[in-house]
Amino acid sequence: MNIKASAPGKLMLFGEHAVVYGYPCIVTTVSPRVYVEVEKTSGQFKIDAPQVKDLRFVEETVKQFCEKYKVDSKILIKTYSDFSSKFGLGSSSAVTVATVVALSKLYEIKISKKEIFDLGYKVILNVQGVGSGFDIATATYGGTIYFVTGGKIIEQLIVKGMHLVIGYSGTKADTSYIVKNLELRIHNSELEHRKIFEKISKIVEEAKISLVNADWKTTGELMNQNHKLLQELGVSTEKLDKMCQVAVNAGAFGAKLSGAGGGDCMISLVSEDKIKKVESSIINICGEVIHVNTNI
Ligand code: PMV
């Protein structure tokens, strides 16, 4: 019997990096999904995943699942995706969560969302060595989430009518490297970095309210402030800064990098009538606009 499951990708709205150190963040799901099909086989465990570059997430998920639930791993797994892993939209976390869900269906094991999160987060830590788990939480719970490190708090926020223009910088970010590199720098000046994290945390708390109230002007200003602090952390790039700047100049409420920095995507918050103008401003400086729905 062939069992299917899927999970969505994600976009970090506020609080990246600080969330690795015990502070909150806000993250939302995007419409593209990763799909997983599993079936029992008489032979060895086999993965057929032409779009997944890094098979370690699928392999580690199967290992953890089979150990925890004491089932054998004689399975065939196929995965396919609506989006390229190059954008940093969370294909690794989505494939991890979709694999856990597919396996639980295959073996008819009732598994709660918290259990999916815990298992998925373990996989991320085993494979990457670092991470807050925000991406696993979004893939598991969906929607827009206020999240604290390791899933200490996972709170769903009702956000309606948010329009984001998303720009890809053209460079794939290496999240583990950037997180580990920042950790080294923090080691040398902990107090200074803690101060920045505190400021980011305050922004996240304010954004939690402004997002739910659909107060886009305030939310946009908070995005600009958050981006400035990420620049102070040294994780932005010239291209990301430029893309944020042109988006704001073209009428966006605000803009910031989204995720680890060092490449991947930026997001800008816009009113519906400014979407085209902001998109053109990003394309004009050779950014790639990604069309996805958010808050799914
Ligand atoms: O690069 P992304 O989109 O996976 O985002 C990383 C966000 C960090 O806060 C830097 C790391 C984490 O796991 O929270």
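All values reported here derive from a predicted model rather than from experimental measurement.

Asker: Explanation requested: the UniProt feature "domain: GHMP kinase N-terminal" (unreviewed entry) in the protein in the structure shown.
Answerer: Sites flagged by UniProt as "domain: GHMP kinase N-terminal" (unreviewed entry) map to residues 57-143. The span residues 57-143 is 61% helical and 8% strand by assignment, and the distance between its end C-alpha atoms comes to 23 Å.

Asker: Just to check I follow, could you spell out the UniProt feature "domain: GHMP kinase C-terminal" (unreviewed entry) in the protein for this structure?
Answerer: If you check UniProt for "domain: GHMP kinase C-terminal" (unreviewed entry), the listed places come out as residues 211-282 in our numbering. Along residues 211-282 the backbone is 54% helical and 15% strand, and the end-to-end C-alpha distance reaches 24 Å.

Asker: Where do I start with the packing of aromatic side chains in this structure?
Answerer: The geometry of two aromatic rings is summed up by the distance between their centres and the angle between their planes. One pass over the structure, following the stated rule, counts eight aromatic pairs. Taking the centre distance of 5.0 Å and the plane angle of 15° together, the rings of Tyr21 and Phe197 count as stacked. Placement of the pair is Tyr21 in the loop between β1 (3-14) and β2 (24-40) and Phe197 in helix α6 (residues 190-212), with a sequence separation of 176 residues. With centroids separated by 5.5 Å and ring planes inclined at 15°, the aromatic side chains of Tyr35 and Tyr80 adopt a geometry described as stacked. You can see Tyr35 sitting in strand β2 and its partner Tyr80 sitting in strand β4 (residues 75-81), a full 45 residues away along the chain.

Asker: Even after reading the chapter, I still don't get the sheet that holds strand β7 (residues 163-168), so can you show me in this structure?
Answerer: Pairing between the strands of a sheet is mediated by backbone hydrogen bonds and can be parallel or antiparallel. Spatially, β8-β9-β7-β10 is the arrangement adopted by the four strands of the open sheet, whose pairing is antiparallel. Since the sheet does not close on itself, it has two edges, and those belong to β8 (254-258) and β10 (288-290), each with one partner. On average, each strand axis in the sheet is inclined to that of its neighbour by 30°, with strand direction left out of account. Relative to strand β9 (residues 265-270), β7 runs antiparallel, the two sharing six bridges. In the strand pairing of β9, Tyr168 is matched with Cys265. Most of the contacts of helix α7 (residues 216-232) go to β8, to which it runs at about 45°, and overall it touches β7, β8 and β9.

Rules and cut-offs
- Residues numbered from 1 in each chain as written.
- Predicted model: local features only at pLDDT ≥ 70, side-chain atom pairs only at ≥ 80, totals over all residues.
- Heavy atoms only, no water.
- UniProt positions renumbered as here; feature names shortened; annotations may be inferred.
- Helix = DSSP H or I, 4+ residues; strand = E, 2+ residues; numbered from the N terminus.
- Phe/Tyr/Trp six-rings, centres within 6.5 Å; stacked < 30°, edge-to-face > 60°.
- Pairing = 2+ DSSP bridges.
- Axes fitted to C-alpha atoms, helices over the stretch in contact; angles between N-to-C directions.
- Contact = heavy atoms within 4.5 Å.

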